[in-house]
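# Examination of the molecular architecture
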Amino acid sequence: MLKKVLLIFFIFIINLFSLANAEEILKISSINFDNSDNIIFLNSVSKVMYINVKSMKLTNPDRISFDIDNAVLTFPNASWSFKNSVIKQVKLSQFTTNPNVVRMVITYNKNFNVNKLKLYRIDNNLVFVYDKKLFPQNNLRSIYNDEKSVVNYYEYTQITEDEKQAVLSQSSNQVKSPEAIEVQKAFNSKGQLVRQQPKIDTAGKKSEILKSNFHVNRIDIKRGNALIRGIGSISVESPFIVKEPTRYVFDMPNTYVSPEIRNKEYVLSEKETIKIGQFEPTKARVVVTSEDAEKFRPIYSYDSQSIFLAHDDRILGMKLFDKTSAIYTYLAKKIDDTKDVLQFVFTEPVVHSVKKFDDKVEINLYNSSGFNHEAYKKGLNSEVLSKLRTEQLKPSGIKVIIPIKSTTQLNYQESFDNKQLRLTIFTPKEEEIKQSKPTPAVITRNPNVRTIVIDAGHGGTDVGATREGYYEKDITLDIAERLEKILKKKGFNVLMTRDKDIYVSLQDRVQYTEDNKGDLFVSIHVNSSVTPEGNGLETHYYTPQSYDFAQIVHKEFVSAIDSKDRGLFKSKFYVINHTTCPSILVETGFISNPEERKELLTSSRKQKTAEAIAKGILKYLGKD
Ligand SMILES: [Zn+2]
């Protein structure tokens, strides 16, 4: 049946600027949404002079279509449906291949006002914005965060593949632009981009789905380095090192790992491997096992579709980029007493990395030639950034070094066109640092211990690990409350970093412990694994003053609970690394294991866990 075209609503001919060496075709490489479902980004890294978009309003159902001329989709056709939103559905497809036209159709309900829909071009990216007065955040998105991310879920978002459209476009695929075919081929072979979207059935709760997607579908090993590739936009959380064996570990929020590569061990060198797993439904975890863990760093590619996980010594002579990118503008600014911003705008997309050490942060700009920081120092009001210095990188590029404090937190953002970088540095005030760093606890065993801080993991928007609609945050709080009761009865001063379902940052948990002069710190967590088989108990410590405490509690813990003893670990988790008193983190079982989950939800298991930890505390203090 023919769909009736009611009226031609308007035609955009967007021509914001033209570029030399423009490519001929617009390759749309990913689609992203912001945290409401009313902003849609179509990302592209190809350079075109003009982007022509024709739009038509249609009825039955009410919808508006946008035909993007001279464009190809580098991933399969897709459609997204939204409940409880004025936008009911967004469909994206390769409408024709000769000429190349990508069609996006937005189906909406009666409350939708077409006049509130705006289309922007930002470099080679198209941005559809509905009912928003201002453009969000200068088009920057976070790609590195020190703080563990809180996953932003879509409310009632369902993703379904538009099978019909896919078939249609295949049959009309009677060849055409060789470039289009090439590009399509690269991605279509996987084919399941949208079908593989994790759907989380949370029984009666909101359905949860990725906010901003990165679909990892490939890992290639190059000279002892790993290229992690996929579709979408990449984000990385603060990496950490785990011992025995030495591993370099980081999480990628809002990321889905293709089952073909999930948990597969790739060999980097004789004694080194890399693995990527689906750590949580919306989070991937990358683990590199290497004695040289400290030497790895993720390098962001110019198209933000891949991360090159590189060993510092192994990238000499490797080709990381095609074009050199000059720094076009540079901004260093103190925002307030605790916040400083460093921002670069480049002439070309930039290949870069950020790495944080205890005393400095390093930004490597691999395809950039440097800048004159001295010239900016004169008018600079930022104490933090006045210490910035640069070094030549081998074989090319520059290293930007900024001395920081160990308590400093970073947020690193990149623009959609990869020509802008922004580093925000959060430095806690001087007094706060002094307070939070009293002389490291002298005591290993202090019989006069009075204050025990119990830290129920996660909370509020940070639900922790989740399976079948059950949240880690609820189990941890329940156990924490039971432990609180037992210890209070024994006469201890017991403090809780949270006693209800609220979000508390890791920094605040540590600060609270330090402010209240906690004598012992116990963080309670629930583990999860990508496979349902994993189960058991773990105790983690990091500082030397915590070892005895961890060992004693762990022993009580594993003897009381009928589950696997997975061992005692030295792990650099934020809360047990930054607290000065003996501090441990207990993983009380696996929510991802159906049997253990069932157990963990019973009050008897929770009570037994609390009692075992309490017993360990008393033993450690010599009070049993
Ligand atoms: Zn946890």
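Here is a short report on the structure shown in this document.

Here is what the cut-offs are and how they apply
Residues numbered from 1 in each chain as written. Predicted model: local features only at pLDDT ≥ 70, side-chain atom pairs only at ≥ 80, totals over all residues. Helix = DSSP H or I, 4+ residues; strand = E, 2+ residues; numbered from the N terminus. Buried ≥ 20, exposed ≤ 12 C-beta atoms within 10 Å, placed from the backbone. Contact = placed C-beta atoms within 7 Å. Axes fitted to C-alpha atoms, helices over the stretch in contact; angles between N-to-C directions. Left-handed = near helix turned anticlockwise from the far one by under 90°. Nonpolar A, V, L, I, M, F, W, Y, C, P; charged D, E, K, R; others polar. Pairing = 2+ DSSP bridges. Expected span 1.5 Å × (residues − 1). Core = buried A, V, L, I, M, F, W, Y, C linked by C-beta atoms within 7 Å. Domains from an automatic or database assignment.

## Some points on the overall build of the protein chain
- Within the protein chain, the regular secondary structure consists of 11 helices and 40 strands.
- Residues counted as buried form 42% of the 624 residues belonging to the protein chain.
- Of the contacts formed within the protein chain by residues at least 6 apart in sequence, a portion of 70% connects residues at least 24 apart.

## Notes on the packing of helix 8 (residues 547-560) against helix 11 (residues 603-620)
- Where helix 8 meets helix 11, the axes come as close as 8 Å, and the angle between the chain directions of the two elements is 140 degrees. Seen from above, helix 8 lies across helix 11 with right-handed handedness. For the pair helix 8 and helix 11, contact is made by Asp548, Phe549, Ile552, Val553, Glu556, Phe557 and Ala560 and by Lys608, Glu611, Ala612, Ile613, Lys615, Gly616, Ile617, Lys619 and Tyr620, respectively.
- Partitioned by chemical class, the residues of the contact of helix 8 with helix 11 number 9 nonpolar, 1 polar and 6 charged.

## Structural notes on the sheet that holds strand 37 (residues 520-527)
- Taken in spatial order, the 6 strands make up an open sheet running 36-33-37-40-38-39, and their pairing is mixed. Sheet topology places strand 36 (493-496) and strand 39 (565-570) at the edges, where each strand pairs with a single neighbour. Going from strand to strand, the sheet's axes swing by 20 degrees on average, the running direction of each strand aside.
- This element, helix 6 (residues 472-489), spans strand 33 (451-456), strand 36, strand 37 and strand 40 (583-590) of the sheet and lies at about 145 degrees to strand 37.

## Some words on the environment of Thr427
- Here Thr427 is to be found in the loop between strand 32 (420-426) and helix 5 (430-436).
- Judged by the 18 C-beta atoms lying within 10 Å of it, Thr427 falls in the partly exposed class.
- The spacing of Thr427 and Thr407 is 20 residues in sequence and 6.9 Å in space, taken between C-alpha atoms.
- Setting aside residues up to four positions removed in sequence, Thr427 forms contacts with Thr338, Val384, Lys405 and Thr408.

## Some words on helix 11
- Its 18 residues give helix 11 an end-to-end C-alpha distance of 26 Å, which sits within 8% of 26 Å, the value for a rise of 1.5 Å per residue.
- Inspection of helix 11 places Arg605, Lys606, Thr609, Ala610, Ala612, Ile613, Ala614, Gly616, Ile617 and Tyr620 among the buried residues, and these make up the whole buried set.
- Looking at the buried side of helix 11, the elements it contacts are strand 33, helix 6, strand 37, helix 8, strand 40 and helix 10 (594-600).
- Residue Gly622 follows helix 11 closely and has a positive phi angle near 70 degrees.

## Focus on the pairing of strand 31 (residues 409-415)
- Within strand 31, 5 of the 7 residues are buried, leaving the element largely enclosed by the surrounding structure.
- For strand 31 and strand 32, the ladder comprises 6 bridges, and the chain directions are antiparallel. What sits directly across from Gln409, in strand 32, is Phe426.

## Points about the environment of Gln278
- One can find Gln278 in strand 21 (residues 272-280).
- As a C-alpha pair, Gln278 and Asn263 span 15 residues in sequence and 8.0 Å in three-dimensional space.

## Quick notes on the nonpolar core
- Counting 52 residues, the largest nonpolar core has Val286 and Leu309 as its most contacted members.
- Structurally, this core is a two-domain feature, drawing no fewer than three residues from each of domain 2 (214-314) and domain 3 (327-348 + 366-427).
- Ignoring any residue separated from it by four or fewer positions in sequence, one finds Val286 in contact with Val249, Phe250, Met252, Ile274, Ile276 and Leu309.

## Overview of the environment of Tyr470
- With respect to the helices and strands, the residue Tyr470 is situated in strand 35 (residues 470-471).
- What makes Tyr470 buried here is the crowd of 20 C-beta atoms within 10 Å.
- For the pair Tyr470 and Ile591, spaced 121 residues apart in sequence, the C-alpha separation works out to 8.2 Å.
- Look past the residues within four positions of Tyr470 in its chain and what remains in contact with it is Ile591, Arg597 and Leu601.

## Points about helix 7 (residues 506-515)
- Every buried residue of helix 7 is accounted for by Leu506, Arg509, Val510, Gln511, Thr513 and Glu514.
- Following helix 7 by one or two positions, Lys517 has its phi on the positive side, about 50 degrees.

## Observations concerning unusual backbone geometry
- Following Asn60, the chain continues into Pro61 via a peptide bond in cis, with omega recorded as -5 degrees.
- Phi is positive for Glu468, which is not a glycine, with a value near 50 degrees.
- Relative to the elements of secondary structure, Glu468 occurs in the loop between strand 34 (466-467) and strand 35.
- Positive phi outside glycine occurs at Lys517, with the angle close to 50 degrees.
- Take Lys517: there are 14 C-beta atoms within 10 Å of it, and that puts it in the partly exposed class.

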